[in-house]
Each structure stands twice: as C-alpha cells, then as structure tokens.
Amino acid sequence: MKLYTKGGDKGRTSLIGGERVRKTDVRVEAYGTADELQANIAYLADKMAHEVSLTTYVEDCRWVCSKLMTVCSLLAVGCNCEYEMPKISEEDIAWLEGRIDALQAELNPVECFTIPGGCELASLCHICRTVCRRAERRAIEVAESYEVDKVLLVMLNRLSDYLYALCRTITERLGAEEVLWRP
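Bear in mind that the values here come from a model prediction, so they are computed numbers and not experimental data. (Residues numbered from 1 in each chain as written. Predicted model: local features only at pLDDT ≥ 70, side-chain atom pairs only at ≥ 80, totals over all residues. Heavy atoms only, no water.)

Student: Outline the pattern of salt bridges, supporting the account with residue identities and numerical values.
Tutor: Taken as a whole, this structure holds 14 salt bridges when the rule is applied. Salt-bridge contacts for K67 lead to D92; the nearest nitrogen and oxygen are separated by 3.2 Å. Of this pair, K67 sits in helix α2 (residues 55-75) while D92 is found in helix α3 (residues 90-105), placing the two residues 25 residues apart along the sequence. Taken individually, K67 and D92 each receive the classification buried, so the pair is uniform in this respect. For E141, the salt bridge goes to R138, with nearest N and O atoms at 3.8 Å. Of the two residues, E141 and R138 both sit in helix α4 (residues 120-145), 3 residues apart, roughly one turn of that helix. Its relative accessible area of 36% is what places E141 among the partly exposed residues. Several salt bridges share partner residues, and in doing so they unite E19, D25 and R27 into one network. (Salt bridge = Lys/Arg side-chain N within 4 Å of Asp/Glu carboxyl O. Helix = DSSP H or I, 4+ residues; strand = E, 2+ residues; numbered from the N terminus. Buried < 20%, exposed > 50% of the residue type's maximum accessible area, 1.4 Å probe, protein only.)

Encoded structure:
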C-alpha cells in the first residue's frame, strides 16, 4: 500500500468509518491539535530523558502520548461509524489526578501566577500546556455538534493541570528560577 492516496489533494479527508469531510472540519481540527500536543509531549519526554532528575516523568509522558492517541481516534470518528473504539476511562483520570497530587506535594504553594520561562525544558512544557488548552477548546467545539464522551474533555482539562505542575517541577528540579507574573 502506498503512503499517499491522493484522496486529500482537493482538501477533503476521511474520518474513521469512511465519512468524507473538509480538512477544515471541526473534528479534523480537534484531532489535529491533539496530535500536535502528542508530538510536543513526546519531544518534551525525549528532552527530559537527558536530565537525570527528570527521567521519572518520561514514563508519565509516554503514558500521556498513548492516551492522546486514543483522544485523536475518538475525535476522528465519523457519523455512523460501526467500529469499536478505545475509550478514556475514569481510571485514566484518577491516574492523572494522582500524578498531579504527587507533583504538587513536592512543590511550594503557588502564591502568584507563573509565566513561561526559567529554562528551556520548562518553556517547552509550557508550550505543551498551551497546546493542550487549545486541544481542549477544539474538543469542546466538536462536542457542541457531535457526540463526544465527556471523560475525554475531562482528560484534556486534567492534562493541562498536570503539565502546569510538571512545568513547576521541572523548574524546581533543574534549579531554574520560576518566572512570576508581576503586574
């Protein structure tokens, strides 16, 4: 099978189940943004793997990437799709919340807003967090017109919280200065 099909040359693509839609369809935008997030988190994991104090979080990121592939597939489902799709579960949410709590337990409380910066890895993590927020907004747009499991929306919301906690952890572990908002 060839990698290219030429089926998308006129700005259309197929969703899971065969429905053909414009590449600007809200579902394509949503799963494309989740895919972008997945790529950024994989890059973050690869960069963290070189820092001994951060290797613990590499496996977290790999788990997240796997779950984001599920998110992408769920957002790419067309109308009348008869395939059995993987799901995001309440247990997945609980795992993520547990990881957030574990990160927070090692950090000083937030006394004012933090802003991106401090070191390259923290900034990369902030990029992941902001792309996650966009992915969440796009998924909400899909849910306004199509059936979307609400657990998927919760997953994206919790993931941005995890990424924020991870940003602060990276800053702390690397001894970088946390950049605070001083209006």
